[in-house]
Structure formats: C-alpha cells, structure tokens
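Below are the chains, spelled out letter by letter.
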Amino acid sequence: MLNQEYLRQHPFILNALALVIGAFCGNAVNLIAQRILAAQPIFKLQRDSACCAKRLTPLEMVPIIPYLLRNGRCRYCGATIHWQGPLVEAITAITFVILVNTFGLSWQGAAMIYFVCTLIVVCITDFREQLIPHHITYPAILVGILYNAFVSRDLLGALAGIGLSYILFDFVSFYGLVWHEKYQSKLAAKNVCADRTAAGADTESQQDSSESQILEADTASPSEQKPTNIGAFSLVGSGDAVLAALIAAFLGWQGLINALVISIFAGALIAAIYRLVELHKHQMLRQCMKPAMIGFASSFAVICFFFAAFCIIFSADRMVPLLPGWITLAFVVGFIGALALTVLTTARISKPFPLAPALALGAVAAIFSNPIGAIIRGGAQ
Ligand SMILES: [Zn+2]
C-alpha cells in the first residue's frame, strides 16, 4: 500500500500525488479567498458558479481540467471564468511538489504547506481589495507558534520574530507618516493641482500613497485597517504587521529578516512592473527610457567602482577570479537601479501597490534559504 517507505522509494508517485493534492488545495485556497472577499461563510461544502450561481457537481470542482476542457467558459451560461482560479491551482500544485521534495513527508513539510497556503490566500485578498483577513492570519500564527514549540523547537526564535515584526512595522508606520507629511508639503508646493484639492482629503491620501511606492506603500484596507480619522495616511497597514508576525511564527526571527530583505527587492520589482504596465497603457513608455538608462549606468558604475576599490585594497590577483560574480552583481544592481529610477521619475501615474505579495514572495524564498543564519553561524565559528 501507499506507506511512507513506498513513497520514498517511488519519487514519481510521490510527486504526482503532491501535484494532484496541491491542485485541489489550490482550488480550496482560491475558493476561501473568494468567499472572504464576498463576505460569505468560508467552510461550506456546496459550491455555486461565480457567474450564474448554478450549483456545481463534484466533477466541475476538479481543478484546472474542466477549465481547459471548456476553454475557460462556464458550462451553464458561457461566461468567461477568471484565469486567477487555474493559475492559483497551478502555483499551489507546483509549490506542493517543491516542498515535498525539500522536506519529504514530515511535520515540517506539512507546516510549510499550510504556511504557503495561508500566504496564497492573503496574496489574493490583498491583490484584489488590499485586505489581509485576520480570521486567516491569526489562527495561522497560533499554528506557527505550536509548530515552532513542538516540531522545530525554536519557540523563542518565533516569539522574538513576532515581537520584532510588530515593533518594526510600528516604526515604519510612524516614521513613514512623518516622512510622508514632509514629502507631501514639498510636493504640494511644487505643483498645486486644482482638481485634486476638490476631491477631498480622503481620496488625496489614497492617491498620494502611490507616490511613496518606492517604500512599498500599502493603503489601509477599508474594512480592517483604516484608521478612524479620515484622511490619515498609513505607509504600512496593520495587516502587513500581522503578515510579518505570521512569517516569524513559522520561520523564526531569522526567517523574518530574510523574508523582509528579499521582499524589498521583490517589492521594487513588482512596483516597477505595475508602473511599466501603466505607462504602457498611457503610451508613455518611451519617457522612461532615459531614467532607466541613467539608473542602469549609474548603478553599474557604482559596482565597478567598488570592484576597483577592492582590487586596490585586497590586491588584483585575489579579485580577478571573482570577476564573473561581480559582473553578474553589476548587471543585477544595474537592473534594480534602472527600475528604481524609472519608478521614482514616473511617480505621477500609478496605483497603490500591495505590500503583501512582496512579503509573501520573500517568505517563500526564506523557507528555502537562510542567509542570515549562515552569516551568524559563520561569525560564530
Ligand atoms: Zn455561469
């Protein structure tokens, strides 16, 4: 029968099982996110089609395949089914395969699967409505703490990370507000926009949060994160702090720092893609060629400067074998510089950008690698 030993000896069957179970879980994850957004009960067995509210048969609830067979259309009314469903199913399935291959059939693997599913739900709800649902994140934080207490045996690390995440996000929230007010007064002095002032303080703060995208602004969600005083600006929502706490609950404080660092890069990338898509829509893509090239060249030059400086400090003989790595670094940093300058110089057109997907990407990367831990271990030796 399908016992653990058998599955270990037959990795193909294990991977196939992970793929199928992952696709079904992706289906459930997507459904949960949709129900949260629609404020419906999460755990209800019957399912209706989103377009025409027809009760679905068990066969129609199978992930991906019915979608492909019917060309992405509803069987009953012929309406186009959103591609988000099959995409989430595919991503979840692939993630399951990777996690099973990394952690095997273990409690750690099970915990990471649950963690990733939670992250996917949060990503969907945050992308769609800038909402990070507490009734998903809070229970998950508890599960993460239990996992660290009984499986990974790093309860203190997890608790330290949870504390760190709240302090960190409170700091960013407070000083971000101070910075935002200064930046806003400067911006207002620079260009007085008549139509905007008419729109009122609330919409203004919403629009303006996009200006601070480089710091990954996340507008507060209307239902859960909005401060009571109208027009208040928040650089990070309270939901983001909870998401960071969730990451710490599963990955400990080291994992949290890894996730944050990675998410800064991922966030810059996502912001840039958002911006480029919008510029393309407004047919302004050509305008960002110049800042992109300046950004790339200056960032590339900085890395070259450091390489030259290191050659002088450590002797060229030792640095030359490292040249391929440095060239790669120069291109990566140049790329980031190009994106950063494009984002900065085209700040006028944009929409608020969700921080949660960036954090989630960072968290998923932090499951597999722990550079902070490596640095600490290296320092201890
Ligand atoms: Zn339909």
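Model, not experiment: these values are computed from the prediction.

**Topic: the overall build of the protein**
In step 1: Scanning the protein from N- to C-terminus turns up 15 helices and 0 strands.
In step 2: Across the 381 residues in the protein, those meeting the buried criterion constitute 34%.
In step 3: The contacts of the protein with a sequence gap of at least 6 include a subset with a gap of at least 24, amounting to 76%.

**A look at the nonpolar core**
In step 1: Grouped together as the largest cluster of nonpolar side chains are 63 residues, with contacts concentrated most on I247, A248, L359 and A363.
In step 2: Secondary-structure elements contributing two or more residues to this core are α2 (11-37), α4 (84-103), α5 (107-129), α6 (134-150), α7 (155-190), α10 (238-281) and α14 (355-368).
In step 3: In terms of residue count, the dominant contributor to this core is α10 (18 residues).
In step 4: Sequence-distant contacts of L359, defined by excluding residues within four places in its chain, comprise D240, L243, A244, I247, A259 and S263.
In step 5: Listed in part, the 10 residues of the second largest apolar core include A271, C288, A338 and V343.

**With respect to unusual backbone geometry**
In step 1: One non-glycine residue, A53, lies in positive phi territory at about 55°.
In step 2: Residue position: A53 is located in the loop between α2 and α3 (65-69).

**Some words on α5**
In step 1: A rise of 1.5 Å per residue sets the reference length of α5, with its 23 residues, at 33 Å; its end C-alpha atoms lie 33 Å apart and thus fit the reference within 8%.
In step 2: Just downstream of α5 lies Q130, where phi reads positive at about 50°.

**So, α4**
In step 1: Between its first and last C-alpha atoms α4 spans 28 Å; for 20 residues at 1.5 Å apiece the expected length is 28 Å, and the two agree.
In step 2: When α4 is considered as a whole, its buried residues turn out to be P86, V88, E89, T92, A93, T95, F96, L99 and V100.
In step 3: Packed against the buried residues of α4 are α2, α3 and α5.
In step 4: Of the residues one or two after α4, G104 is the one with positive phi, at around 65°.

**Concerning the confidence of the model for the protein**
In step 1: Taken residue by residue, the protein gives an average pLDDT of 80. The fraction at 70 or more is 82%.
In step 2: In this model, residues 194-232 is a region of pLDDT below 50 whose contacts with residues beyond four sequence positions or in other chains number 71 contacts.

**Comments concerning the packing of α5 against α6**
In step 1: In the contact formed by α5 and α6, the axes pass within 11 Å of each other and the chain directions differ by 160°. Between α5 and α6, the angle is such that the two are roughly antiparallel. In terms of crossing hand, the pair formed by α5 and α6 is left-handed. Side by side, α5 and α6 meet where A111, Y114, F115, T118, V121 and V122 of the first sit next to I136, T137, A140, V143, G144 and Y147 of the second.

**Focus on the environment of A358**
In step 1: Tracing the chain through its elements places A358 in helix α14.
In step 2: Sequence separation between A358 and A271 is 87 residues; the distance between their C-alpha atoms is 9.5 Å.

**Brief notes about the packing of α6 against α10**
In step 1: Here α6 crosses α10 at 20°, and the two axes come no closer than 8 Å. Here α6 lies roughly parallel to α10, going by the angle between them. In this structure, α6 meets α10 at a crossing whose hand is left-handed. On α10, the residues that touch H134, T137, A140, I141, G144, I145, Y147 and N148 of α6 are V242, L243, A245, L246, A249, F250 and G252.
In step 2: Tallied by class, residues from the contact of α6 with α10 come to 10 nonpolar, 5 polar and no charged.

Parameters at a glance
- Residues numbered from 1 in each chain as written.
- Predicted model: local features only at pLDDT ≥ 70, side-chain atom pairs only at ≥ 80, totals over all residues.
- Helix = DSSP H or I, 4+ residues; strand = E, 2+ residues; numbered from the N terminus.
- Buried ≥ 20, exposed ≤ 12 C-beta atoms within 10 Å, placed from the backbone.
- Contact = placed C-beta atoms within 7 Å.
- Core = buried A, V, L, I, M, F, W, Y, C linked by C-beta atoms within 7 Å.
- Expected span 1.5 Å × (residues − 1).
- pLDDT = per-residue confidence, 0-100.
- Axes fitted to C-alpha atoms, helices over the stretch in contact; angles between N-to-C directions.
- Parallel < 35°, antiparallel > 145°, perpendicular 65-115°, else oblique.
- Left-handed = near helix turned anticlockwise from the far one by under 90°.
- Nonpolar A, V, L, I, M, F, W, Y, C, P; charged D, E, K, R; others polar.

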